[in-house]
Amino acid sequence: MKYQAKSMFLGVAFFSAMLAGCASTETDSSGQESADALSTYTESTDSMSDSSYNTDDMANLETVFYFEFDQATLTVNARQALDAQIVRLKKTTGPVRLEGHADERGTREYNIALGERRAISVADYMAINGIPRYRIETVSYGEERPVAFGQSESTYSQNRRVELK
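As a convention, each chain's residues are numbered from 1 in the sequence order in which they are written. The predicted origin of the model limits local features to residues at a pLDDT of at least 70 and limits the giving and counting of side-chain atom pairs to 80 or more, whereas totals for whole chains, interfaces and linings rest on all residues. Side-chain figures throughout are based on the complete set of non-hydrogen atoms in the structure, without hydrogens or water.

Enquirer: Explain the overall build of the protein to me, please; I cannot follow it from the model alone.
Expert: Segments assigned H or I by DSSP are reported as helices when at least four residues long, segments assigned E as strands when at least two residues long, and all are numbered from the N terminus. Secondary structure summary: the protein contains 6 helices and 4 strands in total. When a residue's accessible area, from a 1.4 Å probe over protein chains only, is under 20% of the maximum for its type it is buried; when over 50% it is exposed; and in between it is partly exposed. Per-residue burial for the protein yields a buried fraction of 29% across its 165 residues. Should any heavy atoms of two residues lie within 4.5 Å, those residues are considered in contact. Put simply, 70% of the contacts in the protein that link residues at least 6 apart link residues at least 24 apart. Methods summary: accessible areas were calculated by the Shrake-Rupley approach with a probe of 1.4 Å, and residue burial reflects only the protein chains presented. If you sum the accessible surface of the protein, you get close to 11100 Å²; carbon and sulfur atoms cover 57% of it.

Enquirer: I tried to follow unusual backbone geometry on my own but got confused; where do I start?
Expert: Glycine aside, negative phi is the norm for most residues, and most peptide bonds take the trans geometry. The phi dihedral of aspartate 70 is positive, around 60 degrees, even though this residue is not glycine. Here aspartate 70 shows up in the loop between strand 1 (64–66) and helix 4 (76–89). Take aspartate 70: its relative accessible area is 35%, and that puts it in the partly exposed class.

Enquirer: Mind showing me how you'd approach the confidence of the model for the protein here?
Expert: In low-pLDDT segments, the atomic positions of the prediction should not be examined closely. Residue-level confidence of the predictor is what pLDDT reports, using numbers from 0 through 100. The predicted model of the protein averages 78 in pLDDT, with 64% of residues at 70 or higher. Note that pLDDT drops below 50 for residues 17–56; the model gives that stretch 14 contacts with residues more than four away or on any other chain.

Enquirer: Even after reading the chapter, I still don't get the pairing of strand 2 (residues 96–101), so can you show me in this structure?
Expert: In summary, the side chains of a regular strand alternate between the two faces of the sheet. With 5 of its 6 residues buried, strand 2 lies for the most part within the structure. Look down the strands so they point away from you; if the path from the first strand over the helix to the second goes clockwise, the crossover is right-handed. For the crossover from strand 2 across helix 5 (residues 108–128) to strand 3 (residues 136–142), the handedness is right-handed. Two strands are said to pair when DSSP picks up at least two bridges between them. When strand 2 meets strand 4 (residues 161–164), the two strands line up antiparallel, connected through 3 bridges. Each residue of the ladder has a partner; that of glycine 100, found in strand 4, is valine 162.

In structure tokens:
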């Protein structure tokens, strides 16, 4: 009986010490948090609120990347716009959705496949430049969601795109 009481006391004391150790912060001899712990906390909260981009910068970034007729390779302009997005996306952790589109020329099946190749092309470029692939989702709508209607090169070129969501 005496042995059980001692072991229970030691168990409770050990558990209490572990709990106190996990919950404590660094303190100096006066019992206050150390400057290192406080500065680390301050730096992390400052970096969250004072990031190097703001909503105005995000509004100015391109979120639509255009392609040539029947192509899934990135143009120079698309790469430049993607580079700016990649800088922003490296500061976030959320998912990225890439929606591939095509103009109305070609069969429905072909345009779905072309939209997918375009979205994958953008995803590959992003992954090569530091965005983790697990964050990137691709989907193709083919010709099903046009932004411009008509049968001119101007309207076709607006529909050959990948949208970043």
